[in-house]
Amino acid sequence: MELRQLHYFIAVAEHLNFTEAAKHLFVAQSAVSQQIADLEQKIGVQLFFRNKRSVKLTNAGAVFLQEALSLVSKSAEAIEKTRQADIGIIGHLKIGFLGYTERNFLPSLIREFRRSHPKVDLYLDQFHHGMLIEALKTGELDVIFTLAFGLDNIGGIEKKSIFTEKISVVMHCDHPLANKNSLHISELAQERFITVSRRESPQGFNKTLLMCANSGFSPNIVAEPRLLATVLLLVDAGIGITILPKSLKLHSSPSLRFLDIEGEQAEDELVIAWKKKNANPSIPLFLEALASVGEEYYKHTSMLS
């Protein structure tokens, strides 16, 4: 049974006239008659009582009309959903984020995207730097919000800059250097460093090593916890110091001091990244929503300068 035959049957059932049905379908009357005859033969049931003066549905034809209308409607719905999925209106998008730098714009972005594309299911989860990259590589995530440092060394990834923010030296307020407004990395040569482990955050770990190396020393790393919250706790306990994005100041203990770094471009660039070969059509729609949110959500670091 062809979909075309259902359309022909519905037209005849609605008009109860083969000539009018043919006009409605923009085909010859003989074509309509032939298709109805073929349909009746296929299902083995007479659908119409017809003579030279009238056409009426049989009882079986009346039942079949309801089913035919349902089938045609479902077919049209399936086609439309398929088309929407092809352009990303229907689908899913898996998003990973760091959990601190994005707090000032990500909720607004998600609200905007869900308003514009309510049929796209969103999955969001927080990861460390290393886990974000790995999940993007394996396809566990479609897009990630992460820091740009070291990202260019990974092939097959596209990225778009969102904003840059300052990196700070973080220490307890009782530290001898805590009353300074800023300092040079070289002043930290004798300090004890705490950093998120290289496995969990290779970008942050390597950035700390590079900044210290550029100032002529190798940092004395005394602890490498897995969690960023643990790093801040250990610094708050006076175990050592750390180097982190300044945006964390908004979410940290008031007893911690965030000091600006002198003498070099001490910044992190937050980017959104995705695999070049990822054909998920919801990705460009999400990038459009990101652009539409506006720069006011990206300028939160001005409050920290």
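Keep in mind it's a predicted model, so treat the numbers as computed, not measured. (Residues numbered from 1 in each chain as written. Predicted model: local features only at pLDDT ≥ 70, side-chain atom pairs only at ≥ 80, totals over all residues. Heavy atoms only, no water.)

Overview of the confidence of the model for the chain
Do not read the fine detail of predicted coordinates wherever pLDDT is low.
Logical step 1: Looking at the chain as a whole, its pLDDT mean stands at 87, while 92% of the residues score no less than 70.
Logical step 2: Predicted confidence for residues 300–305 stays below pLDDT 50, and this span has 14 contacts to residues more than four positions away or in other chains. (pLDDT = per-residue confidence, 0-100. Contact = heavy atoms within 4.5 Å.)

Regarding the nonpolar core
Logical step 1: The biggest cluster of nonpolar side chains holds 50 residues, and the ones touching the most others in it are Phe-105, Leu-109, Phe-145, Ile-162, Ile-272 and Phe-286.
Logical step 2: Of the residues forming this core, the biggest block, seven residues, is contributed by helix H9 (residues 282–293).
Logical step 3: Val-32, Leu-39, Phe-64 and Leu-65 belong to the second-largest nonpolar core, a separate cluster that totals 20 residues. (Core = buried A, V, L, I, M, F, W, Y, C linked by side-chain atoms within 4.5 Å. Buried < 20%, exposed > 50% of the residue type's maximum accessible area, 1.4 Å probe, protein only. Helix = DSSP H or I, 4+ residues; strand = E, 2+ residues; numbered from the N terminus.)

As for the packing of helix H2 (residues 18–25) against helix H3 (residues 29–43)
Logical step 1: Two elements in contact, H2 and H3, have axes separated by 8 Å at closest approach and are oriented at 105 degrees. As summarised for this structure, H2 and H3 are arranged roughly perpendicular, according to the angle between their axes. Of the residues in H3, those touching H2 at Phe-18, Thr-19, Ala-22 and Leu-25 are Gln-29, Val-32, Ser-33 and Ile-36. (Axes fitted to C-alpha atoms, helices over the stretch in contact; angles between N-to-C directions. Parallel < 35°, antiparallel > 145°, perpendicular 65-115°, else oblique.)

Considering H2
Logical step 1: Of all the residues in H2, the buried ones are Phe-18, Ala-21 and Ala-22. An end-on view of H2 places all buried positions within 100 degrees of arc, on one side of the element.
Logical step 2: Its buried side turned inward, H2 meets helix H1 (3–15), H3, strand E1 (48–50) and strand E2 (55–57).
Logical step 3: In this structure Asn-17 caps H2, since a side-chain oxygen of it lies 2.9 Å from the backbone nitrogen of Thr-19.
Logical step 4: Positive backbone phi, at 60 degrees, marks Phe-26, one or two positions downstream of H2. (Arc of directions from axis to C-beta. Polar contact = N/O pair within 3.5 Å; in protein donor to acceptor, adjacent residues only side chain to side chain.)

Some details on the pairing of strand E9 (residues 220–223)
Logical step 1: The sheet contact formed by strand E8 (residues 192–194) and E9 spans three bridges and is parallel. When the bridges of E9 are listed, Phe-193 appears paired with Ile-221.
Logical step 2: The β-α-β motif built from E8, the intervening helix H7 (residues 202–214) and the parallel element E9 has right-handed crossover chirality. (Pairing = 2+ DSSP bridges. Right-handed = clockwise from strand over helix to strand, strands pointing away.)

A look at the packing of H1 against H2
Logical step 1: Their axes nearest at 8 Å, the elements H1 and H2 cross at an angle of 130 degrees. The angle between H1 and H2 falls in the class oblique. Helix-helix and strand crossings are classified by hand; for H1 and H2 the assignment is right-handed. Between H1 and H2, the residues in contact are His-7, Tyr-8, Ala-11, Val-12 and His-15 and Phe-18, Glu-20, Ala-21, His-24 and Leu-25, respectively.
Logical step 2: Class assignment for the residues of the contact of H1 with H2 results in six nonpolar, three polar and one charged. (Left-handed = near helix turned anticlockwise from the far one by under 90°. Nonpolar A, V, L, I, M, F, W, Y, C, P; charged D, E, K, R; others polar.)

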